[in-house]
Amino acid sequence: MQSTNQEIVKGVNMDIKAALFDFDGVIMDTEGQYTLFWDRMGKKYLGVDGYGSIIKGQTLSRIFGNDFSGMEKEQAEIESMLDRFEAEMPYRFIPGLPDFFMELRSRGIRTAVVTSSSDKKMQNIYRACPDFPSFVDRIFTSESFRRSKPAPDCFLLAMDTFGVSAEETVIFEDSFYGLEAARASGGFVVGLATTNPREVIADKADMVIDDFAGFDMSQVQAYRDRL
């Protein structure tokens, strides 16, 4: 297996210099858990069914600002429940991702997490997976940028930090807001069919994958070359 990976690295003229990853539904298989949580919150506080799917990909401040404005007591209750939920929930990698991170490092491609999650939420990740920060070069959270997805600010910030252009960047996303932000940034967009079916996100990404099992950057390069 090692010799195969080495052949891939030497055999492809890679012009991608940075890979940016959303977190939930792209790095960790958590989206289904969040959907159930927010479904309960939407039903309890707003009388809305399927609320988890409606707000998917939004920051907590955006959710509160859009749908819970003036509901300070309810916001405090939800935030307390969310803190407890995130501290206790299991965090499992999307299949194939650790190996994919190793391949990116072997190619010298810079990597970053670009998430709408808060620093507080990420601390729960670090407690559950102490080695995770070493997997990537940078981690950008909701505190890192002013406008959240679907604005492209978060991805543009990562590109600027790494000193790369959009043409040199591949972005991995799963949610509608995330895919919209990735597309607006100008990067090459790979959609993960972990949150929504392939056919639903096909027109929102340059290519779609189910997960990272058996996936490598030569596939991205080959797909880009055909476009």
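Report on the accompanying structure.

Thresholds applied
Along each chain, residue indices are assigned from 1 in the same order as the chain's sequence is written. Selection of residues for local features in this predicted model requires a pLDDT of at least 70, selection of side-chain atom pairs for listing and counting requires 80 or more, and totals for whole chains, interfaces and linings are taken over all residues. No hydrogens and no water enter the side-chain calculation; it runs on all heavy atoms of the structure. Each helix is a run of DSSP H or I of at least 4 residues and each strand a run of E of at least 2, with the numbering of both proceeding from the N terminus. Taken over C-alpha atoms, the radius of gyration is set against a globule rule of 2.2 Å times the number of residues to the power 0.38. Think of it in three bands: residues with accessible area under 20% of the maximum for their type are buried, residues over 50% are exposed, and the middle band is partly exposed, with areas taken using a 1.4 Å probe on protein chains only. Here a residue-residue contact requires only that any non-hydrogen atoms of the pair lie within 4.5 Å. Where accessible areas are quoted, they stem from the Shrake-Rupley method and a 1.4 Å probe; at the residue level, only the protein chains shown are allowed to cover. Cavities and pockets are defined on a 1 Å grid built over the protein atoms alone: a cavity is a set of grid points where a 1.4 Å probe fits but cannot escape, while a pocket is an open set with protein on both sides within 12 Å along at least five of seven lines, and lining residues are those with an atom within 4 Å of any such point. Grid points are joined across faces, edges and corners, and a volume is the space filled by probe spheres set on the points. Each residue is assigned to one of three groups, with Ala, Val, Leu, Ile, Met, Phe, Trp, Tyr, Cys and Pro labelled nonpolar, Asp, Glu, Lys and Arg labelled charged, and all others, Gly among them, labelled polar. By convention a nonpolar core is built from buried Ala, Val, Leu, Ile, Met, Phe, Trp, Tyr and Cys residues, the set being connected through side-chain atoms within 4.5 Å. Geometry of aromatic contacts follows a simple scheme: Phe, Tyr and Trp rings, the Trp one being its six-membered ring, pair when their centres are within 6.5 Å, and the pair is stacked under 30 degrees between planes, edge-to-face over 60, tilted otherwise. For two strands to be treated as a pair, DSSP must find at least two bridges joining them. Salt bridges are defined by distance alone: a side-chain nitrogen of Lys or Arg within 4 Å of a carboxyl oxygen of Asp or Glu. Helix axes are fitted only over the stretch in contact, all axes being lines through C-alpha atoms; the angle between N-to-C directions runs from 0 to 180 degrees.

**What to know about the overall build of the protein chain**
Link 1 in the chain: On a plain count of helices and strands, the protein chain comes out with 11 helices and six strands.
Link 2 in the chain: What you see for the protein chain is a C-alpha radius of gyration of 18 Å, in line with the 17 Å of a compact globule of 227 residues.
Link 3 in the chain: With the C-alpha coordinates of the protein chain rotated into their principal frame, the extents come out at 60 × 35 × 30 Å.
Link 4 in the chain: Burial statistics for the protein chain: of 227 residues in total, 49% are counted as buried.
Link 5 in the chain: Partitioning the intrachain contacts of the protein chain with sequence separation of at least 6 by distance along the chain shows that 65% fall at a separation of at least 24.
Link 6 in the chain: When the accessible surface of the protein chain is summed, it comes to about 10800 Å², and 49% of that surface belongs to carbon and sulfur atoms.

**Notes on the layout of surface pockets**
Link 1 in the chain: In this model, the largest pocket occupies a volume close to 570 Å³.
Link 2 in the chain: The wall of the largest pocket is formed by 31 residues, among which Gln58, Thr59, Leu60, Ser116 and Ser117 lie closest to the centre.
Link 3 in the chain: Those elements that provide at least two residues to the lining of the largest pocket are helix H2 (31–46), helix H4 (60–67), helix H5 (72–88) and helix H7 (119–128).
Link 4 in the chain: A breakdown of the residues in the lining of the largest pocket according to their chemical character gives seven nonpolar, 12 polar and 12 charged.

**Some words on the nonpolar core**
Link 1 in the chain: Of all hydrophobic cores here, the largest spans 45 residues; its most connected members are Phe21, Trp38, Phe172 and Phe212.
Link 2 in the chain: Looking at this core, the element that brings in the most residues is H2, giving five residues.
Link 3 in the chain: For Phe172, the contacting residues outside a window of four places in its chain are Ala19, Leu20, Phe21, Asp22, Val26, Phe100, Val190, Leu192, Phe212 and Phe215.
Link 4 in the chain: Counting residues in each nonpolar core, the second largest holds 21 residues, with Leu20, Ala166, Ala181 and Ile201 among its members.

**Structural notes on the packing of aromatic side chains**
Link 1 in the chain: For the structure on display, the rule yields 22 aromatic pairs.
Link 2 in the chain: Centre to centre, the rings of Phe21 and Phe212 are 6.2 Å apart; their planes meet at 50°, and the pair counts as tilted. With a gap of 191 residues between them, Phe21 in strand E1 (residues 18–21) and Phe212 in the loop between strand E6 (207–209) and helix H11 (217–226) connect regions that are remote in the sequence.
Link 3 in the chain: Their ring planes at 40° and their centres at 6.3 Å tell us that Phe93 and Phe132 sit as a pair that is tilted. One end of the pair, Phe93, is in the loop between H5 and helix H6 (97–107); the other, Phe132, is in the loop between H7 and strand E3 (138–140), with 39 residues separating them in the sequence.
Link 4 in the chain: For Phe93, a relative accessible area of 26% puts it in the partly exposed group.
Link 5 in the chain: Its relative accessible area of 1% is what places Phe132 among the buried residues.

**Notes on the pairing of E1**
Link 1 in the chain: Burial along E1 is two-sided: Ala18 and Leu20 facing one way and Ala19 and Phe21 facing the other are all buried.
Link 2 in the chain: Pairing between E1 and strand E4 (residues 169–173): four bridges, direction parallel. When the sheet's bridge partners are listed, Phe21 is paired in E4 with Phe172.

**A few points about the pattern of salt bridges**
Link 1 in the chain: Counted under the stated rule, the structure contains 14 salt bridges.
Link 2 in the chain: A salt bridge links Lys43 to Asp49, with the shortest nitrogen-to-oxygen separation between them at 3.0 Å.
Link 3 in the chain: Judged by its relative accessible area of 48%, Lys43 is partly exposed.
Link 4 in the chain: In this structure, Glu103 engages Arg107 in a salt bridge whose closest nitrogen and oxygen atoms are separated by 2.6 Å. Highlighted residues: Glu103 and Arg107, both in helix H6, separated by four residues, approximately one helical turn.
Link 5 in the chain: By relative accessible area, which is 10% here, Glu103 ends up buried.
Link 6 in the chain: Salt bridges here are not isolated pairs; linked through shared partners, they connect Asp22, Lys149 and Glu173.

**Description of the side chain of Thr30**
Link 1 in the chain: Residue position: Thr30 is located in the loop between E1 and H2.
Link 2 in the chain: Overall, the relative accessible area of 0% leaves Thr30 in the buried class.
Link 3 in the chain: Leave out the neighbours within four places in its chain, and Thr30 touches Asp24, Gly25, Met89, Pro90 and Tyr91.

**Focus on the sheet that holds E3**
Link 1 in the chain: On the basis of which strands lie adjacent, the open sheet formed by six strands has the order E3-E2-E1-E4-E5-E6 and parallel pairing. If you trace the sheet from one side to the other, it starts and ends with E3 and E6, each paired once. On average, each strand axis in the sheet is inclined to that of its neighbour by 20°, with strand direction left out of account.
Link 2 in the chain: Of the strand pairs in this sheet, E1 and strand E2 (residues 110–114) are connected by four bridges, and their pairing is parallel. Across the sheet, Ala19 pairs through a bridge with Thr111, a residue of E2.
Link 3 in the chain: Across the sheet, helix H8 (residues 153–162) lies against E1, E2, E3 and E4, angled at about 150° from E2, the strand it touches most.

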